[in-house]
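Reading the structure
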Amino acid sequence: MTEAGISLLVLYCSDLSACHDFYRKLGLVFEWERHASGPEHHAAVLAGGAVLELYPAGAGGATGRVRVGLTVPRDAVQAALEPGTHLLRDPDGRAVELCVTA
């Protein structure tokens, strides 16, 4: 096993508002942030301290093919999902493997 860990994942979103709503409904809690003269974006600190940031895609385009895996407690999800693993798509079409715990 490696000692490395993921501390930051940035998704560039074509529709930032729709992506923010999607991930928020999965139980993530976001704060608005802006670093220096960069764009405003949403940031959520996950269990273990990793940060998921949602940025506007801008001229660089949306983050392409990626699969994001999240584990969330059932009471945090604002959707009718039973405990178990669900494969969803965010508004930009990225695969989201959601593990809902009881």
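Worth saying up front: this structure is predicted, and the values here are computed from it rather than measured. (Residues numbered from 1 in each chain as written. Predicted model: local features only at pLDDT ≥ 70, side-chain atom pairs only at ≥ 80, totals over all residues. Heavy atoms only, no water.)

1. A short note on the sheet that holds strand 6 (residues 84-89)
Spatially, 5-7-6 is the arrangement adopted by the three strands of the open sheet, whose pairing is mixed. This sheet does not close on itself; its edge strands, each paired only once, are strand 5 (67-73) and strand 6. Between one strand and the next, the sheet's axes are offset by a mean angle of 25°, whatever the strand orientation. When strand 5 meets strand 7 (residues 95-101), the two strands line up parallel, connected through seven bridges. Within the sheet, the bridge partner assigned to Val 68 lies in strand 7 and is Val 96. (Pairing = 2+ DSSP bridges. Helix = DSSP H or I, 4+ residues; strand = E, 2+ residues; numbered from the N terminus. Axes fitted to C-alpha atoms, helices over the stretch in contact; angles between N-to-C directions.)

2. Some thoughts on the layout of surface pockets
Its volume calculated, the largest pocket comes out at about 420 Å³. Leu 46, Ala 47, Gly 69, Leu 70 and Thr 71 are the residues nearest the centre of the largest pocket, which is lined by 19 residues in total. Put simply, the parts of the chain that give the lining of the largest pocket at least two residues each are strand 4 (51-56) and strand 5. Sorting elements by how many residues they give to the lining of the largest pocket places strand 5 first, with seven residues. In terms of residue class, the lining of the largest pocket is built from 15 nonpolar, three polar and one charged. (1 Å grid on protein atoms, 1.4 Å probe; cavity = no way out; pocket = protein on both sides within 12 Å on 5 of 7 lines; lining within 4 Å. Points joined across faces, edges and corners; volume = space filled by probe spheres on them. Nonpolar A, V, L, I, M, F, W, Y, C, P; charged D, E, K, R; others polar.)

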